[in-house]
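A look at the structure
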Amino acid sequence: MSHLPDLKSVLECIAEHTRRKETVVFTNGCFDVLHVGHVRYLSQARGLGDRLVVGINTDQSIKRLKGPLRPINSENDRLEVLLGLKAVDYAILFDEDTPENLIKQIRPQFLVKGGDWPVEKIVGAEFVRSYGGTVLALPFYDGYSSTETISKMQR
């Protein structure tokens, strides 16, 4: 990929969408080994609004969260794969352990995570609700997990 999106340009685009009264949806994750559960989830998230923004943990962030053997795919590869999905309008890397700072800059109308996250544990939920935004846990698709896929491959 010749040009990786930077936060400033993504925020400028989001500001323009907001001016046009378009609904911005935000989600985040590692998206290390993409599977059909991810694709279904991202499509459903996109269906909630006009634009879907995906925050992606950097390689270093994933190592801190999941251990030294992760990620399998590099941050630039994961970013390019997600940007290739028709459901995803913007994807941006973040290096913190949580996307809280990114959420505060984007100010989405919808903040969503997969159903394996209880709504009360979704980072940024209180902030998004403070200005009238909606926080949702979308359905989890049993049997689809990057960790489980990696385990199968190792067996």
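Presented here is an overview of the structure given in this document. All figures in this text were calculated on a predicted structure; none of them were measured in a lab.

1. A short note on the pairing of strand E5 (residues 134–138)
Pairing of strand E4 (residues 110–114) with E5 involves five bridges; the strand directions are parallel. By the bridge assignment for E5, Val112 is matched with Leu136. The parallel pair E4 and E5, bridged by helix H6 (residues 125–130), forms a crossover whose chirality is right-handed.

2. Structural notes on the packing of aromatic side chains
The full count for this structure, using the stated rule, is one aromatic pair. Ring plane angle 70° and centroid distance 5.3 Å describe the contact between Phe127 and Tyr131, whose orientation is recorded as edge-to-face. If you follow Lys104 out to its NZ or CZ, it ends over the ring of Phe127, 5.9 Å from the centre. Geometry around Tyr131 places Arg107 over its ring, the cationic atom sitting 4.2 Å from the centre.

Basis of the calculations
- Residues numbered from 1 in each chain as written.
- Predicted model: local features only at pLDDT ≥ 70, side-chain atom pairs only at ≥ 80, totals over all residues.
- Heavy atoms only, no water.
- Pairing = 2+ DSSP bridges.
- Helix = DSSP H or I, 4+ residues; strand = E, 2+ residues; numbered from the N terminus.
- Right-handed = clockwise from strand over helix to strand, strands pointing away.
- Phe/Tyr/Trp six-rings, centres within 6.5 Å; stacked < 30°, edge-to-face > 60°.
- Lys NZ or Arg CZ within 6 Å of the ring centre and 35° of its normal.

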